[in-house]
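Spelled out, the chains give:
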Amino acid sequence: MKMKLVVVQFFVISLLLSSSLFILSNADSSPCNGKCNMRCSKAGRQDRCLKYCNICCEKCDHCVPSGTYGNKDECPCYRDLKNSKGQPKCP
(Lines give C-alpha, C1' and ligand atoms only; values in the text may rest on other atoms or scores of the structure.)
Protein backbone atom coordinates (compact mmCIF):
# COMPACT_ATOMS: atom_id res chain seq x y z
CA MET A 1 0.00 0.00 0.00
CA LYS A 2 2.80 2.41 0.91
CA MET A 3 4.57 1.71 -2.41
CA LYS A 4 1.44 2.61 -4.40
CA LEU A 5 1.20 5.92 -2.57
CA VAL A 6 4.83 6.74 -3.41
CA VAL A 7 4.27 5.89 -7.08
CA VAL A 8 1.13 8.04 -7.24
CA GLN A 9 2.93 10.96 -5.57
CA PHE A 10 5.84 10.64 -7.98
CA PHE A 11 3.46 10.60 -10.95
CA VAL A 12 1.58 13.70 -9.75
CA ILE A 13 4.78 15.64 -9.08
CA SER A 14 6.19 14.66 -12.49
CA LEU A 15 3.00 15.77 -14.18
CA LEU A 16 3.03 19.14 -12.42
CA LEU A 17 6.69 19.77 -13.26
CA SER A 18 6.30 18.87 -16.91
CA SER A 19 3.24 21.10 -17.32
CA SER A 20 5.09 23.99 -15.66
CA LEU A 21 8.03 23.58 -18.03
CA PHE A 22 5.67 23.53 -21.01
CA ILE A 23 4.02 26.77 -19.89
CA LEU A 24 7.41 28.45 -19.38
CA SER A 25 8.69 27.35 -22.78
CA ASN A 26 5.69 28.95 -24.49
CA ALA A 27 5.55 32.07 -22.29
CA ASP A 28 7.14 34.47 -24.76
CA SER A 29 5.48 33.17 -27.90
CA SER A 30 2.80 35.49 -29.14
CA PRO A 31 0.39 35.20 -32.04
CA CYS A 32 2.12 38.27 -33.46
CA ASN A 33 5.61 36.74 -33.67
CA GLY A 34 4.84 34.30 -36.48
CA LYS A 35 2.69 36.77 -38.40
CA CYS A 36 5.32 39.51 -38.18
CA ASN A 37 8.15 37.13 -39.09
CA MET A 38 6.26 36.37 -42.30
CA ARG A 39 5.34 40.01 -42.92
CA CYS A 40 8.95 41.19 -42.47
CA SER A 41 10.70 38.27 -44.17
CA LYS A 42 11.75 40.39 -47.18
CA ALA A 43 12.30 43.70 -45.38
CA GLY A 44 15.61 45.47 -45.79
CA ARG A 45 15.65 46.44 -42.10
CA GLN A 46 14.14 43.36 -40.45
CA ASP A 47 14.83 44.53 -36.90
CA ARG A 48 12.88 47.76 -37.44
CA CYS A 49 10.13 46.00 -39.38
CA LEU A 50 9.65 43.38 -36.65
CA LYS A 51 9.62 46.03 -33.92
CA TYR A 52 6.87 48.10 -35.50
CA CYS A 53 4.93 45.14 -36.82
CA ASN A 54 4.73 43.65 -33.33
CA ILE A 55 3.66 47.00 -31.84
CA CYS A 56 0.92 47.35 -34.44
CA CYS A 57 -0.16 43.73 -34.13
CA GLU A 58 -0.59 44.02 -30.35
CA LYS A 59 -2.58 47.26 -30.70
CA CYS A 60 -4.79 45.78 -33.43
CA ASP A 61 -5.93 42.57 -31.70
CA HIS A 62 -3.30 40.39 -33.40
CA CYS A 63 -4.27 41.43 -36.93
CA VAL A 64 -1.41 41.54 -39.46
CA PRO A 65 -2.06 41.73 -43.22
CA SER A 66 -1.08 38.69 -45.26
CA GLY A 67 1.97 38.74 -47.49
CA THR A 68 5.17 40.73 -47.23
CA TYR A 69 3.79 44.01 -48.61
CA GLY A 70 0.43 45.70 -49.14
CA ASN A 71 -2.91 44.03 -48.31
CA LYS A 72 -3.43 46.52 -45.48
CA ASP A 73 -7.17 46.64 -46.18
CA GLU A 74 -7.37 43.26 -44.43
CA CYS A 75 -6.60 45.03 -41.13
CA PRO A 76 -8.04 48.58 -40.98
CA CYS A 77 -6.55 49.25 -37.53
CA TYR A 78 -3.08 48.20 -38.75
CA ARG A 79 -3.53 50.33 -41.86
CA ASP A 80 -4.70 53.44 -39.99
CA LEU A 81 -2.02 53.66 -37.27
CA LYS A 82 0.26 56.66 -37.88
CA ASN A 83 3.57 57.79 -36.42
CA SER A 84 4.18 61.26 -34.96
CA LYS A 85 4.85 62.63 -38.48
CA GLY A 86 1.51 61.38 -39.78
CA GLN A 87 3.06 58.61 -41.88
CA PRO A 88 1.99 54.95 -41.70
CA LYS A 89 3.44 53.35 -38.58
CA CYS A 90 2.99 49.72 -39.57
CA PRO A 91 5.07 47.94 -42.20
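Treat the numbers as computed from the prediction; the structure is a model and nothing was measured.

A.B. asks: Sorry, what's going on with the environment of Thr68 here?
C.D. replies: Relative to the helices and strands, Thr68 resides in the loop between helix H3 (46-59) and helix H4 (76-80). Each C-alpha atom of the pair Thr68 and Ala43 lies 7.9 Å from the other, and the pair is 25 residues apart in sequence. Once residues lying within four places of it in the same chain are set aside, the contact partners of Thr68 are Met38, Arg39, Ser41 and Lys42.

A.B. asks: Sorry if this is basic, but what is going on with the environment of Pro76 here?
C.D. replies: In this fold, Pro76 is placed in helix H4. Along the backbone, Pro76 and Cys63 are 13 residues apart, and their C-alpha atoms lie at a distance of 9.0 Å.

A.B. asks: Explanation requested: the packing of helix H2 (residues 31-39) against H3 in the structure shown.
C.D. replies: Two elements in contact, H2 and H3, have axes separated by 9 Å at closest approach and are oriented at 135°. By the angle between their axes, H2 is oblique relative to H3. You can see that H2 and H3 cross each other, and the crossing is right-handed. Of the residues in H3, those in contact with Cys32, Asn33, Cys36, Asn37 and Arg39 of H2 are Leu50, Cys53, Asn54, Cys57 and Glu58. Residues of the contact of H2 with H3, tallied by class, amount to five nonpolar, three polar and two charged.

A.B. asks: Even after reading the chapter, I still don't get the state of the cysteines, so can you show me in this structure?
C.D. replies: The bond known as a disulfide is covalent and runs between the sulfur atoms of two cysteines. One pass over the structure, following the stated rule, counts six disulfides. Across the disulfide from Cys63 sits Cys75; the S-S distance is 1.9 Å. On the S-S bond that ties Cys63 to Cys75, the torsion sits near -80°, and the link is left-handed. Pair noted here: Cys63 is in the loop between H3 and H4 and Cys75 is in the loop between H3 and H4, with a separation of twelve residues, a long-range link. Among the residues examined, Cys63 registers a relative accessible area of 25% and is labelled partly exposed. What links to what in the chain: the bonded cysteines, counted in sequence order, pair as 1-7, 2-5, 3-4, 6-12, 8-11, 9-10.

A.B. asks: Looking at this model, I keep getting lost on unusual backbone geometry. Mind explaining?
C.D. replies: In this model, Asp61 sits at a positive phi of 55°, which is unusual for a non-glycine residue. Looking at where Asp61 falls in the secondary structure, it is placed in the loop between H3 and H4. For Asp61, a relative accessible area of 68% puts it in the exposed group. Positive phi, normally seen in glycine, also occurs at His62, with a value near 65°. Structurally, the position occupied by His62 is in the loop between H3 and H4. For His62, a relative accessible area of 31% gives the class partly exposed.

Cut-offs and rules
- Residue numbering note: each chain is counted from 1, following its sequence as written.
- Local features in this predicted model are restricted to residues whose pLDDT is 70 or higher, and side-chain atom pairs enter the listing and the counts only when it is 80 or higher, whereas totals over whole chains, interfaces and linings include all residues.
- As a convention, hydrogens and water are excluded, and side-chain values are obtained from all of the structure's heavy atoms.
- Per the convention used, a helix needs a DSSP run of H or I reaching at least four residues, while a strand needs a run of E reaching at least two, with both numbered from the N terminus.
- Whether two residues are in contact is decided by their heavy atoms: any pair within 4.5 Å suffices.
- Axis geometry follows a simple rule: fit a line to the C-alpha atoms, using only the stretch in contact for helices, then measure angles between N-to-C directions, giving values from 0 to 180 degrees.
- For classification purposes, an angle smaller than 35 degrees is called roughly parallel, one larger than 145 roughly antiparallel, one from 65 to 115 roughly perpendicular, and anything else oblique.
- When the near helix sits turned anticlockwise from the far one by under a right angle, the crossing is termed left-handed; a clockwise turn instead gives a right-handed crossing.
- Amino acids are sorted into nonpolar (Ala, Val, Leu, Ile, Met, Phe, Trp, Tyr, Cys and Pro), charged (Asp, Glu, Lys and Arg) and polar (every other residue, Gly among them).
- In this description, a disulfide is simply a cysteine sulfur pair whose atoms lie within 2.5 Å.
- The buried label applies to any residue whose accessible area, calculated with a 1.4 Å probe on protein chains only, is under 20% of its type's maximum; exposed applies above 50%, and partly exposed to all values in between.

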